[in-house]
Amino acid sequence: MTAIPPEREKQFRQMRDAARGLFASALKNASIESAFARHVSCERGVLRVCEDLYDLGSYSRVFVVSIGKAAHTMATSLEAQVGSRLEGIVASSVEPASQVHGFRYFQAGHPTPTAESIQAADAILKSMNSLNAASLVIFMVSGGGSSIVEKPVDDEISLEDLISTYRVLVLSGAPVAEINAIRKHLSAVKGGRFAQAAYPAQQVSILVSDVPDATPDALASGPTMPDSTSIGDCERIVAKYGLIDQFPKSVADIFRQHVLEETPKSDDPAFVRARWWAVLSNKVAVEEAMTAATKAGFAVEVDNSCDDWNYEKAAYYLVQRVRELRKSVSRVCLISGGEVTVSVRNGGIGGRNQQFALVCAEKIVGEDITVLSAGTDGIDGNSPAAGAVVDGSTLERAGGGKTVQRALEGFNAYPLLDALGDAVVTGPTGNNLRDLRVLLAY
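All values derive from a computational prediction rather than experimental measurement.

Trainee: Help me out: how do you make sense of the overall build of the chain in this one?
Mentor: If you tally the helices and strands in the chain, you get 16 helices and 15 strands. In summary, the chain has a C-alpha radius of gyration of 22 Å against a globular reference of 22 Å for 442 residues, a match within 12%. Principal axes of the C-alpha set define a box for the chain whose edges measure 70 × 55 × 35 Å. Scored against the burial criterion, the 442 residues of the chain give a buried share of 56%. Partitioning the contacts of the chain with sequence separation of at least 6, the portion at a separation of at least 24 is 78%. By element, 50% of the accessible surface of the chain is carried by carbon and sulfur atoms, the whole surface being about 17,700 Å². Positive and negative side-chain charges in the chain, numbering 43 and 52 respectively, have mean positions lying 4 Å apart.

Here is the structure:
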C-alpha cells in the first residue's frame, strides 16, 4: 500500500482538526447556560420563561422536576437565574461534581432503565400528590429522560422485562419517535402522565430538545405534554418491525390481548394550565456550526433531509451532496443535523456516529473530503466517544478496506477509530441536542 505523501498527510490532519474545531465551537455556543441566559430570568420574584411570567410569591409551593441527560446542567442554570430558593428533584444518568441545594438527586440508567429510574419516578409522582391549584411545578426535560425516569404502567412488567423491552426497541432500527410511541403507552409517567399527576397545579415545561422540532412530545417520551401518538400507532410499529415475538411475555401479552391504555390527549384537563417552551434544540447547534464554518472561510450549506435515515443511505446521500457542492466552490462545509439509524446485530463497541463515519471513509478514499459525525451529548452508543472524524486517508491509515469492513460488519467501529486517533472524545457534555454531521470538501 502506497504511503501518503507528507504534504497530503498534513492537509488531511489540518482538515480533521478543522472539523473537530467546528464541532467544539457548536458545543460551546449551543450551551444550556447561554440558552437560559437568553430565555429564562427572574426579577423581583417574577420568573420569565420565554414569553410567560410567573410571580413565584403568589404560589403556595414551587416545585422543580429536572430529568434527562442535561438535568443537572438545567438545574444549575435555573439556580443561576432564580437563586437558591427552589426545591425539587433531579434525575440524570451522569453523577454531577456537586448538587444544587434543595434538590434530591437520582442517578439512573441510559439507554436502559435501572432500579433507580423507577425510584426517581416514584419520588416524582409522590411529590406531585402534594401539589394543588395554588402550586407551580417547573418541569425541565432533556433527552434521555425516557429511560432515566420510568415506571411501568402495569405492575406485571418487571424491571428485567422493562430492560428487555428497551433493548428490543433500541436495537430494532426504528427511529426514536417510533420507539417513544411505544415507551409512552407502556409507562405510568410518559406521554403526558406526569402532567396528569401534577394536576391541578400550574405547569411550565422548559425543554432542551433532542428530537425533531415538529415533534416536541417525543422528547423524553413527552411526560408533560399531550401525546400525539395512539394505541393504533403502537400496534402498527410493533407489526412493522416484528417486535411482538421479541418482547418479554408480560409486554407481548398486552399487545396480543389489546389492553394498552390510551395516553392523555390535548383535551385532557391536565393541560389547561400547562405551557411548554423549547429553549434549545438541534437547530441551534446547527446554526452555531454554520457560524463557525463561515468564520473559518468555508462556503456553508445545511441539509437535514437525512434525519432518521439508515446510516448507509445517509452516508451515500451526504457524500454525493458535498461532491456536487465542491464543483462550484474551493472550500465547502456541508452541515447536517439530526440522527441516523443503525440496526445492530451482535455488536461490538461503537455507535451510530462512528458507524456512519466509517462507512463514509469507504466512499471517499483518496478524495479531499473530511467527515465528522458526533453526538452533542458526548456519548455514542456503548463507546467512550462522542463520534468520529474520517477523511480520504482513513482507509489507507487503517491498513486497507478489509480492516474497515470487518469493523463495520461487527458494529465495532470504536477500537479501529480510536487506534487511528480519529475518535472524537468529549466526555458527557451535560447537554443533548441530537447529532451533528460536518462534511468538508477542499
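Trainee: Can you walk me through the packing of aromatic side chains in this structure?
Mentor: Per the stated rule, a full pass over the model turns up four aromatic pairs. Centre to centre, the rings of F247 and F255 are 5.8 Å apart; their planes meet at 25 degrees, and the pair counts as stacked. In terms of burial, F247 and F255 fall into one category: buried. For the pair W309 and Y317, a centre-to-centre distance of 5.1 Å together with 70 degrees between the ring planes defines the contact as edge-to-face. When its relative accessible area of 27% is taken as the criterion, Y317 is described as partly exposed. The positively charged end of K313 is found above the aromatic ring belonging to W309, 4.3 Å away from the centroid. The residue whose ring lies beneath R437 is F356, and the NZ or CZ to ring-centre distance is 5.9 Å.

Trainee: Explain the pairing of strand 4 (residues 61-67) to me, please; I cannot follow it from the model alone.
Mentor: Working note: regular strand, side chains alternate between the two faces of the sheet. The element strand 4 is largely enclosed, with a buried count of six among its seven residues. Note: strand 4 against strand 7 (residues 135-142), seven bridges, orientation parallel. Directly across from S66, in strand 7, lies its bridge partner M140. Both strand 4 and strand 5 (residues 87-92) contribute to a ladder of five bridges, which runs parallel. Bridging across to strand 5, V64 finds its partner in G88. Chirality of the crossover, the property in question, places the unit of strand 4, helix 3 (residues 71-82) and strand 5 among those that are right-handed.

Trainee: Help me understand the sheet that holds strand 2 (residues 46-49), please; the structure alone is not making it clear to me.
Mentor: The strands making up a sheet associate through backbone hydrogen bonding, with each pair oriented either parallel or antiparallel. Strands sit in the order 1-2-3 across an open sheet of three strands; the sheet is antiparallel. Edge positions in the sheet fall to strand 1 (40-43) and strand 3 (52-55), since each of these pairs with one other strand and no more. Along the sheet, successive strands turn relative to each other by an average axial angle of 20 degrees, direction set aside. Pairing analysis gives four bridges linking strand 1 to strand 2, with the strands arranged antiparallel. Residue pairing for strand 2: S41 is matched across the bridge by R48.

Trainee: Help me understand unusual backbone geometry, please; the structure alone is not making it clear to me.
Mentor: Glycine aside, negative phi is the norm for most residues, and most peptide bonds take the trans geometry. For the bond from H110 to P111, the omega torsion is 10 degrees, close enough to zero to count as cis. Look at the link from Y199 to P200: it is a cis peptide, with omega at 10 degrees. At F411, a residue that is not glycine, the phi angle is positive and equals roughly 45 degrees. With respect to the element layout, F411 can be found in the loop between helix 15 (401-409) and helix 16 (413-420). In this structure F411 comes out as buried when scored by relative accessible area, which is 9%.

Trainee: Teacher, can you tell me more about the sheet that holds strand 5 here?
Mentor: The strand order across the open sheet formed by six strands is 6-5-4-7-8-9, and the pairing between neighbours is parallel. Sheet topology places strand 6 (103-107) and strand 9 (274-280) at the edges, where each strand pairs with a single neighbour. Averaged over all neighbouring strand pairs, the angle between strand axes comes to 15 degrees, with direction disregarded. Where helix 3 meets the sheet, its contacts fall on strand 4, strand 5, strand 6, strand 7 and strand 8 (202-208), and the angle it forms with strand 7 comes to roughly 135 degrees.

Trainee: Could you clarify how one ought to interpret the side chain of D303 in this entry?
Mentor: By the secondary structure assignment, D303 is in the loop between strand 10 (299-302) and helix 12 (311-326). You can call D303 buried: its relative accessible area is 8%. Within polar-contact distance, the side chain of D303 engages the side chain of Y317 at 2.6 Å. Among the polar contacts made by the side chain of D303, one reaches the side chain of R321 at a distance of 2.8 Å.

Trainee: What should I look at first to understand helix 7 (residues 176-185) in this one?
Mentor: Residues that lie three or four places apart on an α-helix share one face, since the helix turns once every 3.6 residues. Burial of helix 7 is extensive: eight of the ten residues sit out of reach of the surface. Here helix 7 has its buried residues at E178, I179, N180, A181, I182, R183, K184 and H185. Contacts from the buried residues of helix 7 go to helix 5 (145-148), helix 6 (159-170), helix 8 (193-198), helix 9 (231-240) and helix 10 (249-256).

Trainee: Explain the layout of surface pockets here, please?
Mentor: Rolled over the atoms, a probe sized like a water molecule indicates the empty space that remains. By volume, the largest pocket amounts to about 1,200 Å³. For the lining of the largest pocket, the secondary structure elements donating two or more residues are helix 5, helix 6, helix 7 and helix 13 (352-363). The calculated volume of the second largest pocket comes to roughly 170 Å³. As for the second largest pocket, its lining consists of V211, P212, D213, N282, K283, V286, N304, D307, G337, G338 and R434. Every element with two or more residues in the lining of the second largest pocket is listed here: helix 11 (282-295) and strand 11 (332-338). Top element by residues in the lining of the second largest pocket is helix 11. It accounts for three residues. Each residue belonging to the lining of the second largest pocket can be placed in one class, and the counts come to three nonpolar, four polar and four charged.

Cut-offs applied
The residue numbering used here restarts from 1 in each chain and proceeds along that chain's sequence as written. Side-chain atom pairs in this predicted model are given and counted only at pLDDT of 80 or more, local residue features only at pLDDT of at least 70, and totals for whole chains, interfaces and linings cover all residues. Think of the side-chain values as coming from all heavy atoms in the structure, minus any hydrogens and water. Helical segments are the DSSP runs of H or I of at least four residues, strand segments are the runs of E of at least two, and each set is numbered from the N terminus. Only C-alpha atoms enter the radius of gyration, while the globule expectation follows 2.2 Å times N to the 0.38, with N the number of residues. The cut-offs for exposure are 20% and 50% of the maximum accessible area for each residue type, with area from a 1.4 Å probe on protein chains only; residues under the lower value are buried, those over the upper are exposed, and the others partly exposed. Residue contacts follow a heavy-atom distance rule, with two residues in contact if any of their heavy atoms lie within 4.5 Å. Here the Shrake-Rupley method, with its probe set to 1.4 Å, supplies the accessible areas, and only the displayed protein chains count as covering residues. Charge counting follows a simple rule: Lys and Arg are positive, Asp and Glu are negative, and His as well as the terminal groups are ignored. A charged residue contributes its charge at one atom only: NZ of Lys, CZ of Arg, CG of Asp or CD of Glu. For this analysis, a ring pair means two rings from Phe, Tyr or Trp (six-membered ring only for Trp) whose centres lie within 6.5 Å, classed as stacked if their planes differ by under 30 degrees, edge-to-face if by over 60, and tilted for the remaining angles. Whether a charge sits over a ring comes down to the Lys NZ or Arg CZ being within 6 Å of the ring centre and within 35 degrees of the ring normal. Pairing between strands requires that DSSP locate at least two bridges from one strand to the other. Orient the strands so they point away from the viewer; a crossover is then right-handed if the path from the first strand over the helix to the second runs clockwise. In this description, a line fitted to the C-alpha atoms serves as the axis of each element, helices being fitted only across the stretch in contact, and the angle between N-to-C directions of two axes falls anywhere from 0 to 180 degrees. For this analysis, a polar contact is any N or O atom pair within 3.5 Å, provided that within protein one partner can donate a hydrogen and the other can accept it, and provided that sequence-adjacent residues contribute only side-chain to side-chain pairs. Residues are called lining when one of their atoms sits within 4 Å of a cavity or pocket point, these points coming from a 1 Å grid over the protein atoms alone, where a cavity is a set in which a 1.4 Å probe fits but cannot get out and a pocket is an open set with protein on both sides within 12 Å along at least five of seven lines. Grid points are joined across faces, edges and corners, and a volume is the space filled by probe spheres set on the points. Gly falls in the polar group here, along with every residue not listed as nonpolar (Ala, Val, Leu, Ile, Met, Phe, Trp, Tyr, Cys, Pro) or charged (Asp, Glu, Lys, Arg).

Structural measurements only, silent on function.
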